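Working through the structure, step by step
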Amino acid sequence: MDSNTAIAALAALAQSTRLETFRLLVRHEPDGIPAGELARLLDVPQNTMSAHLATLSRAGLVSSERQSRSIIYRADLQGLRNLTLFLLKDCCGGSAELCAPLIAELTSCCAPEVELS
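What comes next concerns the included structure. Values in this document were obtained by computation on a predicted structure and should not be read as measured data. (Residues numbered from 1 in each chain as written. Predicted model: local features only at pLDDT ≥ 70, side-chain atom pairs only at ≥ 80, totals over all residues. Heavy atoms only, no water.)

Topic: the pattern of salt bridges
Let me state the cut-off plainly: Basic side-chain nitrogens of Lys or Arg form a salt bridge, by our definition, when they fall within 4 Å of a carboxyl oxygen of Asp or Glu. To qualify as a helix, a DSSP run of H or I must reach at least 4 residues; to qualify as a strand, a run of E must reach at least 2; elements of each kind are numbered from the N terminus. Throughout this description, buried means an accessible area under 20% of the type-specific maximum (1.4 Å probe, protein chains only), exposed means over 50%, and partly exposed covers the range between.
If you walk through the whole model with that rule in mind, you get three salt bridges. A salt bridge links Arg23 to Glu20, with the shortest nitrogen-to-oxygen separation between them at 3.7 Å. Residue Arg23 and its partner Glu20 are located together in helix H2 (residues 16–27), separated by three residues, close to a single helical turn. Glu37 serves as the salt-bridge partner of Arg40, at 2.6 Å between the closest nitrogen and oxygen. Separated by three residues within a single helix, Arg40 and Glu37 lie in helix H3 (residues 35–42), roughly one turn from each other. Classification of Arg40 by relative accessible area gives exposed; the value is 54%. Using a relative accessible area of 29% as the deciding quantity, one classes Glu37 as partly exposed.

So, in structure tokens, the structure goes:
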């Protein structure tokens, strides 16, 4: 990821409705959410939601797929991964021990639940 792409992604997320939309889509991976349902859940007019989704899409943070008469939106987890790696690539000037707490927190929040027998 280059700086301009990272700036576009960060700018897209720097607005409350778009940030909440993206977070909602991440929570609903991999199924996604229809555009109309997103607008309803976030109490945003559908035309406004369409504009927000277009901004997130141009920034590489969401993808869409037509299913019959609906458009299903999903978080682009590869885009999120690319942005996160761009931000952390030179973490703490190469001092891995300084980034260890951050990496540990990221790992624990995303760890799959273990089923006990």
